[in-house]
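This is what each chain is made of:
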Amino acid sequence: MTNTTELLRRPRDGKALRARLARRLRRCRAAADAGMSTAEYAVGTIAACGFAAVLYKIVTSGPVRTALTGVIEKALHAPF
């Protein structure tokens, strides 16, 4: 692929050149924002682990455990 200075030296229609440079700029910007960096993965992983820990504590708490047990027992004893 050619660099920008070579593109500017070529005798072209100004509108076509601007369109070509705009496409190249969009591709460069899209490539720069593709994916997360290592720091973002670390923060995302820590947040997911924290959320999982809070959810585990809620689900294993007394009132929620009693409610879930009641729902399961009711479902198992349902007539067919």
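For every chain, the first residue of the written sequence is number 1, and numbering continues from 1 onward in sequence order. In keeping with the model being predicted, local features are shown solely for residues with a pLDDT of at least 70 and side-chain atom pairs are shown and tallied solely at 80 or more, while totals for entire chains, interfaces and linings include all residues. Derived side-chain values reflect all non-hydrogen atoms in the structure, with water molecules and hydrogen atoms excluded from consideration.

## Some words on the overall build of the protein chain
For clarity, the cut-off: Secondary structure elements are taken from DSSP: a helix is a run of H or I of four residues or more, a strand is a run of E of two residues or more, and numbering for both begins at the N terminus. For every accessible area listed, the method is Shrake-Rupley and the probe measures 1.4 Å; residues are considered covered only by the protein chains on display.
On a plain count of helices and strands, the protein chain comes out with four helices and zero strands. When the helices and strands of the protein chain are listed from N to C terminus, the series reads α-α-α-α. A total of about 7,100 Å² of accessible surface is found on the protein chain, and carbon and sulfur atoms cover 67% of it.

## What to know about the confidence of the model for the protein chain
For clarity, the cut-off: The quantity called pLDDT is the predictor's confidence in a given residue, expressed from 0 to 100.
Looking at the protein chain as a whole, the pLDDT averages 81, with 75% of positions reaching at least 70. The spread of mean pLDDT over the elements of the protein chain runs between helix H1 (residues 4-9), the lowest at 58, and helix H3 (residues 38-59), the highest at 93.

## Considerations on a nonpolar patch on the surface
Definition in use: Only residues whose relative accessible area exceeds 30% and that form no salt bridge are eligible for patches; like-charged ones are grouped when within 9 Å, while nonpolar side chains (Val, Leu, Ile, Met, Phe, Trp, Tyr) are grouped when within 5 Å. A carboxyl oxygen of Asp or Glu within 4 Å of a side-chain nitrogen of Lys or Arg is what we treat as a salt bridge.
Judged by side-chain polarity, Phe51, Val54, Leu55, Ile58, Val59, Leu68, Ile72 and Leu76 come together as a nonpolar surface patch covering roughly 780 Å² of accessible area. When residues of the nonpolar patch are traced back to their parent elements, those giving at least two are H3 and helix H4 (62-76). Of the residues forming the nonpolar patch, the biggest block, five residues, is contributed by H3. Structurally, the position occupied by Ile58 is in helix H3.

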